[in-house]
Structures are given as structure tokens and as C-alpha cells.
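# What the coordinates show
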Amino acid sequence: MDNIKYDVREAVYNLSEKTGIGVKLIGKEYSFARCPYCNEKSDVKQKKFSINADTGQFHCFRASCEASGNLIRLAQDFNFSLGRDADVYYGIGNQRHYRVFKKIDPIEPKDAAIEYMK
């Protein structure tokens, strides 16, 4: 199970569907209309976010974002499938859901307590 395989093309289109971002294959790179991390739209002449079709490596070209990594990280961050075996091996879809506690008003210290602490 050390050599888990997944289809880069299928994973890219799963990401596109999950995030609602358009994607086009240009040469050996999938170019997205915007970065899923910083959500900044792409200029017509500049590419902002792309995924390599051979390796699955991704990169955001905005200096303020510069998100980079591979499809496994994208699948974990945006919770889409790379295939059953890859999902089980890399723990994709096993994100924990935590309770959100209601906000409480801050405690105001009493004068007697402040005097005691002095």
C-alpha cells in the first residue's frame, strides 16, 4: 500500500466541482480562474493558480498567497476524493467536527477582589 495511485485529471475536476472554480488545461498545466485559498480572480494575461498535469503539484502565483503543495494537500484542505484507496491511506474526509460554544460575557472583577489581590 506504499504506492497509492490517483488520477490527477479526475482530482483536478473534483476540486473544480467542489470549489466552483473554472479550470482549463493549457499545455501541461491546469489553470484555474482563481486560487481556492486566497480566492483572488485571475487576470486574462496572468495565471494565478495552476496544477501540473504530470505531478499534481500546485502553486498560487500571488505574492501575498503563494500557496503550494500537491493534490493530497488540496484534497485534505477542500475535502474532495482522490479515490477510495487514496482517501483511506491519506485520511481524506476524516476531518473532525468540533462543537462551537456560545459566547459568554466577560467577567468584571469586583473592587474587593482587586484589593485582595494587591
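Just so it is clear, the model here is predicted, and its values are computed rather than measured.

## Some remarks on the packing of helix α1 (residues 8–19) against helix α2 (residues 71–78)
Close contact between α1 and α2 brings their axes to 11 Å; oriented N to C, the two are set at 30°. If you check the angle between α1 and α2, you find them roughly parallel. Our pair here, α1 against α2, has a crossing hand that is left-handed. Across the interface between the two elements, V8, A11, L15, K18 and T19 from α1 touch L71, L74 and F78 from α2.

## Comments concerning the packing of aromatic side chains
Evaluated as defined, the whole model comprises five aromatic pairs. Aromatic pair Y37 and F58: ring centres 5.8 Å apart, planes at 15°, arrangement stacked. Linking Y37 in the loop between β2 (29–32) and β3 (49–52) with F58 in strand β4 (residues 58–60), this pair joins segments that are 21 residues apart in sequence. On the accessibility criterion, Y37 (27% relative accessible area) is partly exposed. You can call F58 buried: its relative accessible area is 3%.

## Re the pattern of salt bridges
For the structure on display, the rule yields three salt bridges. Ionic pairing is found between D77 and R73, a salt bridge with its closest N-O pair at 3.3 Å. Placement of the pair is D77 and R73 together in helix α2, with a separation of four residues, close to one helical turn. Residue class for D77 comes out partly exposed when judged on its relative accessible area of 42%. Taking relative accessible area as the criterion, R73 reaches 33% and is therefore assigned partly exposed.

## As for the pairing of β3
Where β2 and β3 come together, four bridges link them in antiparallel fashion. For E29, the partnering residue across the bridge sits in β3 and is N52. Relative to β4, β3 runs antiparallel, the two being bridged by three bridges. In the strand pairing of β4, S50 is matched with H59. The turn joining β3 and β4, which pair antiparallel and follow one another in sequence, is formed by five residues; a positive phi near 85° is taken by G56.

## Concerning α2
What α2 keeps buried is the set L71, I72, L74, A75 and F78. All buried residues of α2 fall inside an arc of 160° around its axis, so they share one side. Turning to α2, the residues buried within the fold contact α1, β3, β4 and α3 (84–90). Just downstream of α2, N79 is the residue with a positive phi angle, here 55°.

Conventions adopted
Residues numbered from 1 in each chain as written. Predicted model: local features only at pLDDT ≥ 70, side-chain atom pairs only at ≥ 80, totals over all residues. Heavy atoms only, no water. Axes fitted to C-alpha atoms, helices over the stretch in contact; angles between N-to-C directions. Helix = DSSP H or I, 4+ residues; strand = E, 2+ residues; numbered from the N terminus. Parallel < 35°, antiparallel > 145°, perpendicular 65-115°, else oblique. Left-handed = near helix turned anticlockwise from the far one by under 90°. Contact = heavy atoms within 4.5 Å. Phe/Tyr/Trp six-rings, centres within 6.5 Å; stacked < 30°, edge-to-face > 60°. Buried < 20%, exposed > 50% of the residue type's maximum accessible area, 1.4 Å probe, protein only. Salt bridge = Lys/Arg side-chain N within 4 Å of Asp/Glu carboxyl O. Pairing = 2+ DSSP bridges. Arc of directions from axis to C-beta.

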